[in-house]
Amino acid sequence: YMKIRMLTFVIALFAISLANAQSIWTFDKAHTEIRFSAIHLVVSEVTGRFKSFDGKVTSASEDFSGSDIEFTADIASIDTENERRDNHLKSDDFFNAEKYPRLNFKGKLVKINEKYQLTGNLTIRDVTKPVTLDVVYNGTVKDPFSGTPKAGFNINGKINRFDYGLKWNALMETGGAVAGPEIDIECSVELQKQG
């Protein structure tokens, strides 16, 4: 009986130490940009961003290896600096912001041979698919004004919008698509440590 009690105590201590070892980081929205781009008329590029987003990173390691990532962006906040185009993107031809107000990502930051990848499930509209994005970890510093630890990352990758039901596909006379199917994702992320 004494051994069982001692074992239970050790397990409880181990669980507490694991919980304490994990740190929570949130997005510093003033210093984070969630950008995307697509080919337009075959010859040029249109860029945009999400102005409203949220998420957190749960990390048990100083270098963020193995961290759990949760992220969401509000479709209504899409901004390509053209109101007509933004409204089209929010329509059922693309995101359908009214029915599907957010895109969601849930995944893990993996470190392989000093290189980082973000792998997980991306949900757009009612479609969830696995994605892998390349990540550069720029390091962690203390904010000189607040003393809060900050960490910086660059995230890049591609998805095919057709995979997520964003299927609007007008063609030009020459046969090329008005808007290309491949979407480039490019994010500059600054995290701030909580607590």
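All of the points below concern the structure found in this document. (Residues numbered from 1 in each chain as written. Predicted model: local features only at pLDDT ≥ 70, side-chain atom pairs only at ≥ 80, totals over all residues. Heavy atoms only, no water.)

**A closer look at the pattern of salt bridges**
Here is step 1: What the rule picks out here adds up to 14 salt bridges.
Here is step 2: With its nearest N and O atoms 3.1 Å apart, the salt bridge here joins D143 to K150. Each member of the pair, D143 as well as K150, carries the same accessibility label: buried.
Here is step 3: Among the charged side chains, a network of salt bridges with common partners joins D28, D143, K150 and E190. (Salt bridge = Lys/Arg side-chain N within 4 Å of Asp/Glu carboxyl O. Buried < 20%, exposed > 50% of the residue type's maximum accessible area, 1.4 Å probe, protein only.)

**Concerning the side chain of T123**
Here is step 1: Counting through the fold element by element, T123 comes out in strand β8 (residues 115–124).
Here is step 2: Only 2.6 Å separates the side chain of T123 from the side chain of T128, close enough to count as a polar contact.
Here is step 3: Dropping the residues within four chain positions of it, T123 is found in contact with R102, L103, N104 and T128. (Helix = DSSP H or I, 4+ residues; strand = E, 2+ residues; numbered from the N terminus. Polar contact = N/O pair within 3.5 Å; in protein donor to acceptor, adjacent residues only side chain to side chain. Contact = heavy atoms within 4.5 Å.)

**Remarks on the packing of aromatic side chains**
Here is step 1: Summed over all chains, the structure comprises ten aromatic pairs.
Here is step 2: Clustering of aromatic rings is evident, with ring pairs tying together W25, F64, Y116, Y137 and F153. (Phe/Tyr/Trp six-rings, centres within 6.5 Å; stacked < 30°, edge-to-face > 60°.)

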